[in-house]
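Listed below are the residues making up each chain.
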Amino acid sequence: MNSHAIKRIALGLVTVLAMALAMASAQAQAATSESRVTVLGYGEEKVSADRAALSLTISQNGANVTDIEQQISRQVSDVINALTALNIGMQDIDSTGIQISPRSRYDQVSKRSVDDGFHAQRQIDVTLKDLSQLGAVIQRVTALGVNRVAQPRLYSSEHEEAYLKALRTAVAQAKNRAAVIADASGTELGGIYQINVAGNNPPLPVGNARIAMAADIESNNFNPGELTVRATVTATFNLIAR
């Protein structure tokens, strides 16, 4: 056999080997992409609301900045004293600094905008750990000059515990769904390849959560209802050929 024939055979073997390796690589990639399944899991827990976050606003309009600032400071002091008299601790009361902005109005005579004094306001945030006090607190602070009481944001001191339970339920549901898919596809369910948790777990209630609350301030009859704590996961499982 001459050298040219040997070279042709060697070149042919190299070509066949390269094709075999390419096919093996493609099959391995296909097997990798086909050997996993991604599913969603959801869980939720119900908890009773036992805390309330109150946002109180005191505001005044006037021509003299010093006068309205002093008046608001006196009102804030009176409100804080009233809250502490109801056994609400100072650690659960937070008052912001005063905010002052100029006011203007449209003058019909001169047909232009003219100065009209100042607007000043302060906010007091209160954490209420006894919901039975909610009516009394609102009545008391409004009598002391609070101009605005935002709707109480209810939450639960058991939020974290409930979230962990919901998370366990979500992971279990994802695993059950993956097991059904594995069985139906003729494979065995392997371990978790990757798992992601949707959103986060805020210590306070989620802003868009709907809270059923009926309030009758005169009779102090409050029905805070229940909060729903949710958890969602996206889990990818390995599938093992039988």
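In this text, all values refer to a predicted model and were calculated from it rather than measured experimentally.

A. Focus on the pattern of salt bridges. By the definition in use, this model includes eight salt bridges. With its nearest N and O atoms 3.7 Å apart, the salt bridge here joins Asp-92 to Lys-129. Of this pair, Asp-92 sits in the loop between α2 (65-85) and β3 (93-95) while Lys-129 sits in the loop between β5 (112-128) and α3 (134-143), and the two are 37 residues apart along the sequence. Put simply, Asp-183 and Arg-242 hold a salt bridge, and the shortest N to O gap is 3.2 Å. Of this pair, Asp-183 sits in helix α4 (residues 159-184) while Arg-242 sits in the segment after β11 (226-241); the two residues are 59 residues apart in sequence, bridging distant segments of the chain. According to the relative accessible area criterion, Asp-183 is exposed, its value standing at 53%. Salt bridges sharing common partners tie together Arg-103, Arg-105, Asp-107 and Asp-116.

B. Seen up close, the side chain of Ser-156. Relative to the elements of secondary structure, Ser-156 occurs in the loop between β7 (153-155) and α4. Classification of Ser-156 by relative accessible area gives buried; the value is 4%. Here the side chain of Ser-156 touches Ser-48 through a polar contact of 3.3 Å, landing on its backbone oxygen. Within polar-contact distance, the side chain of Ser-156 engages the backbone nitrogen of Glu-158 at 3.0 Å. Beyond its immediate chain neighbours, meaning those up to four positions away, Ser-156 contacts Val-47, Ser-48, Asp-50 and Leu-227.

C. The confidence of the model for the protein chain, seen in detail. Summary statistics for the protein chain give a mean pLDDT of 82 and a share of 75% for residues scoring 70 or more. For the protein chain, strand β9 (residues 214-216) is the element with the lowest average pLDDT, namely 44, and α4 is the one with the highest, namely 96. Under a pLDDT of 50 for its full length, residues 203-219 has, in the predicted model, 26 contacts with residues more than four places off or in other chains.

D. Inspection of the nonpolar core at higher detail. With 35 residues, the main nonpolar core has Leu-56, Val-79, Leu-83 and Ile-124 as its most contacted residues. Among the elements that take part in this core, α2 stands out by supplying seven residues, more than any other. Those residues in contact with Ile-124, other than ones at most four positions away along the chain, are Leu-54, Ser-55, Leu-56, Ile-58, Val-76, Val-79, Ile-93, Asp-94 and Ser-95. Counting ten residues, the second largest nonpolar core, distinct from the first, contains Val-39, Ala-170, Ala-174 and Ala-235.

E. A look at α4. The first and last C-alpha atoms of α4 sit 38 Å apart over 26 residues, in line with the 38 Å expected at 1.5 Å per residue. Those residues of α4 that fall on the buried side of the exposure criterion are His-159, Ala-162, Tyr-163, Ala-166, Ala-170, Ala-174, Ala-178 and Ala-182. Where α4 is buried, its residues contact β1 (36-48), β8 (187-197) and β11. Following α4 by one or two positions, Gly-186 has its phi on the positive side, about 75°.

F. The pairing of β5, seen in detail. Note: strand β2 (residues 51-62) against β5, eleven bridges, orientation antiparallel. Bridged to Asn-61 within β5 is His-119. With three bridges joining them, β3 and β5 adopt antiparallel strand pairing. Residue pairing in the sheet places Asp-94 in a bridge with Asp-125 of β5. Across eight bridges, strand β4 (residues 99-107) lies against β5 in antiparallel orientation. The partner of Ile-100 across the bridge, within β5, is Ala-120. The turn joining β4 and β5, which pair antiparallel and follow one another in sequence, is formed by four residues; a positive phi near 60° is taken by Lys-111.

What counts and how
- For every chain, the first residue of the written sequence is number 1, and numbering continues from 1 onward in sequence order.
- Only residues with pLDDT of at least 70 are given local features in this predicted model, and only at 80 or more are side-chain atom pairs given and counted; all residues enter the totals for whole chains, interfaces and linings.
- By convention in this description, side-chain values take in all heavy atoms of the structure and omit both hydrogens and water.
- Salt bridges are defined as contacts in which a side-chain nitrogen from Lys or Arg sits within 4 Å of a carboxyl oxygen from Asp or Glu.
- Helix and strand assignments come from DSSP, with helices taken as H or I runs of at least 4 residues and strands as E runs of at least 2, each series counted from the N terminus.
- Accessibility here uses a 1.4 Å probe with only protein chains present; expressed as a share of the type maximum, an area under 20% marks a residue as buried, one over 50% as exposed, and anything in between as partly exposed.
- Under this definition, polar contacts are N or O atom pairs within 3.5 Å; protein pairs additionally need one hydrogen-donor-capable and one acceptor-capable atom, and for neighbouring residues in sequence, both atoms have to be side-chain atoms.
- Residue contacts follow a heavy-atom distance rule, with two residues in contact if any of their heavy atoms lie within 4.5 Å.
- Residue-level confidence of the predictor is summarised by pLDDT, bounded by 0 at the bottom and 100 at the top.
- We define the nonpolar core as a collection of buried residues of types Ala, Val, Leu, Ile, Met, Phe, Trp, Tyr and Cys that are connected through side-chain atoms lying within 4.5 Å of one another.
- Here the expected span of a helix is defined as 1.5 Å times the quantity of residues minus one.
- Between any two strands, at least two bridges found by DSSP are needed for them to pair.

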